[in-house]
Amino acid sequence: MINYGMVGGGKGAFIGDVHRTAIRMNNEAKLVAGCFSRSEEKSKEFGNTLNLDKDRVYSSFSEMAEKESKREDGIKFVVCVTPNNLHYSVCKAFLSAGINVVCDKPLTWSSKESEELIKIQKKNDLLFGVTYTYTGYPAIKQMRSMVKQNVIGKIRFVNCEYPQGWLSQPITENSKLSPWRMDPKVSGPTNCLGDIGTHIENLSAFVTGLKMNRVSARLDSLVENRTLDDNATIMVDYEGGAKGLFWSTQIAMGYDNAVRIRVFGEKGSLEWVQEDPDHFIYTDENNNKHIQSRGRDSFEENAEKYSRLPAGHQEGIYEAFANIYKAYVASLKKKLNGEVLSYDDLEFPSAEMGLEGVIYVERCLESSKNDSKWVSIKK
């Protein structure tokens, strides 16, 4: 059992509990330390509810990084689930202390910060993952394998969308709906694009393997008196000639978490919807639709091994997160045992993917501020 710690994710924090539950599902890592709140009292109280040793519930993440790095039984990795403005500082503290890191997305506010973190990671020879949730679904992993095997041929067009409706009305500082996400001092220079738009950027890259060449973006603040974006529309030109269209929004009434990806190639297409995560549609070159089902149909080994339940027993967000941690901890165990890791061992979203997401956000912001002009991804 590998010891791990957590920064953020205290009482009332939705995502912190998701991470802890997902890690428990694999029974390969144990939470032994944490700094769950900026308030020492609240952090101690919450640590007590988790049955943690009071001496390992810290008043600050910097104290936690320093002390845990010196313990013989110290944590082997830390999970950062704070608001966006703290990602860089938290990750830097633990990477600098020689502790492996898993961070929620977006990785940082700026590409410069992400690049610095990756330099520290490589200097200290550490594992650094980013929890892009949707890469954990077996159906998505199978679609990725089919693209690699050229089942749908050369890709022509990629369409990704992520409509939510939870910010369709104004919120205040007293709202229960994560008001910090609309505060640029905490969320950063973007809300919708950075929060959910980065998910579909990563999802499209993971499935297709395509690299973006340039983007044309329009970020909107459609709810009155809102500072940050709540709607984002992005056109994409890929290297090699493929095109793409992304839409993310948080003002779509009637939609909960309707992530959808469609990939159209010369010999067929693939389509997946997150609210029905166990299935995807493969359409062949004769326009015959084939519904592929996790647990029923044969998937490639690198997808099948992440399937947990029989067909018809739906696997969801907890299992997707758990699969990311399954891959991360498997690689970490090899590393701790002195094994040399290959690229194939790293089946979790990397910090480099996190950097790509941050660069994508920066280029989209630049484009939107300049009347949606086309902006090159590579500077």
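Nothing here was measured: the structure is a model prediction, and the numbers come from that model. (Residues numbered from 1 in each chain as written. Predicted model: local features only at pLDDT ≥ 70, side-chain atom pairs only at ≥ 80, totals over all residues. Heavy atoms only, no water.)

S.K.: Go over the pairing of strand β11 (residues 269-273) with me, naming the residues and quoting the values.
M.R.: With 4 of 5 residues buried, β11 is to be regarded as a mostly interior element. Strand direction decides the pairing type here: strand β10 (residues 260-265) and β11, joined by 5 bridges, are antiparallel. Within β11, the position partnered with V263 by the bridge is L270. Joining the antiparallel neighbours β10 and β11 is a turn of 3 residues. Sheet topology places β11 next to strand β12 (residues 279-283); 4 bridges connect them, and they run antiparallel. Bridge assignment links S269 to a residue of β12, and that residue is T283. Joining the antiparallel neighbours β11 and β12 is a turn of 5 residues. (Buried < 20%, exposed > 50% of the residue type's maximum accessible area, 1.4 Å probe, protein only. Helix = DSSP H or I, 4+ residues; strand = E, 2+ residues; numbered from the N terminus. Pairing = 2+ DSSP bridges.)

S.K.: Account for a nonpolar patch on the surface, with residues named and values stated.
M.R.: Among the surface-exposed residues, F157, M235, L245, F264 and W374 lie close enough to one another that they form a single nonpolar patch of about 410 Å² accessible area. Along the chain, W374 turns up in the loop between α11 (351-369) and β14 (375-376). Judged by its relative accessible area of 32%, W374 falls in the partly exposed class. (Patch = residues over 30% accessible without salt bridge, like charges linked within 9 Å, V, L, I, M, F, W, Y side chains within 5 Å. Areas by Shrake-Rupley, 256 points an atom, 1.4 Å probe, with all protein chains shown as cover. Salt bridge = Lys/Arg side-chain N within 4 Å of Asp/Glu carboxyl O.)

S.K.: Lay out the packing of aromatic side chains in plain terms, naming residues and giving numbers.
M.R.: Under the defined criterion, the tally for this structure stands at 11 aromatic pairs. Here Y4 and F77 contribute two aromatic rings whose centre-to-centre distance is 5.2 Å and whose plane-to-plane angle is 10°, an arrangement assigned as stacked. Of this pair, Y4 sits in strand β1 (residues 2-8) while F77 sits in strand β3 (residues 77-81); the two residues are 73 residues apart in sequence, bridging distant segments of the chain. Both residues of the pair, Y4 and F77, count as buried. Pairing F77 with Y328 gives two aromatic rings, centres 5.4 Å apart and planes at 65°, and the pair type is edge-to-face. Separated by 251 residues along the polypeptide, F77 in strand β3 and Y328 in helix α10 (residues 317-336) bring together distant segments of the chain. Pairwise contacts between aromatic rings join Y4, F77, Y325, Y328 and F348 into one cluster. (Phe/Tyr/Trp six-rings, centres within 6.5 Å; stacked < 30°, edge-to-face > 60°.)

S.K.: Give a description of the sheet that holds strand β6 (residues 155-163) that names residues and reports values.
M.R.: Strand pairing in a sheet is mediated by backbone hydrogen bonds. Such pairs are either parallel or antiparallel. The mixed open sheet is built from 9 strands, whose spatial order is β13-β12-β11-β10-β6-β9-β8-β7-β14. Of all strands in the sheet, those bounded by a partner on one side alone are β13 (289-293) and β14. Alignment of strand β7 (residues 212-220) against strand β8 (residues 231-238), held across 8 bridges, turns out to be antiparallel. Residue pairing in the sheet places R218 in a bridge with T233 of β8. Against the sheet, helix α6 (residues 138-148) engages β6, β10, β11 and β12, with an angle of about 165° to β11. Relative to the sheet, helix α8 (residues 192-208) contacts β6, β7, β8, β9 (243-249), β10 and β11, its axis offset from that of β9 by approximately 145°. (Contact = heavy atoms within 4.5 Å. Axes fitted to C-alpha atoms, helices over the stretch in contact; angles between N-to-C directions.)

S.K.: Explain the pattern of salt bridges residue by residue, including any values.
M.R.: Taken as a whole and assessed by the stated rule, the structure comprises 23 salt bridges. Ionic pairing is found between E66 and K70, a salt bridge with its closest N-O pair at 3.4 Å. In this pair, E66 and K70 are both assigned in helix α3 (residues 61-70), 4 residues apart and thus about one turn of the helix distant. Residue E66 is classed as partly exposed on the basis of its relative accessible area of 45%. The exposure class assigned to K70 is exposed, which follows from its relative accessible area of 64%. Taking the shortest distance from any N to any O, the salt bridge between K92 and E116 comes out at 3.0 Å. With a gap of 24 residues between them, K92 in helix α4 (residues 87-96) and E116 in helix α5 (residues 111-123) connect regions that are remote in the sequence. Several salt bridges share partner residues, and in doing so they unite R56, E68, R71 and D73 into one network.

S.K.: How would you explain helix α1 (residues 14-26) if you had to name every residue and give the values?
M.R.: Within α1, burial applies to G16, V18, H19, R20, T21, A22, I23 and N26. Considering only its buried residues, α1 is in contact with β1, β2 (29-35), α2 (40-49), β3 and α10. Where α1 ends, the next residue or the one after it, N27, has phi of about 55°, a positive value.

S.K.: I'd love a proper account of the packing of α5 against α11, names of residues and values included.
M.R.: For the pair α5 and α11, interaxial distance at closest approach is 9 Å and the crossing angle is 170°. Judged by the inter-axis angle, α5 sits roughly antiparallel to α11. For the pair α5 and α11, the crossing hand works out as left-handed. Between α5 and α11, the residues in contact are S111, S114, E115, I118, Q121 and K122 and A351, E352, L355, V358, I359 and E362, respectively. Across the contact of α5 with α11, the residue classes break down as 5 nonpolar, 3 polar and 4 charged. (Parallel < 35°, antiparallel > 145°, perpendicular 65-115°, else oblique. Left-handed = near helix turned anticlockwise from the far one by under 90°. Nonpolar A, V, L, I, M, F, W, Y, C, P; charged D, E, K, R; others polar.)

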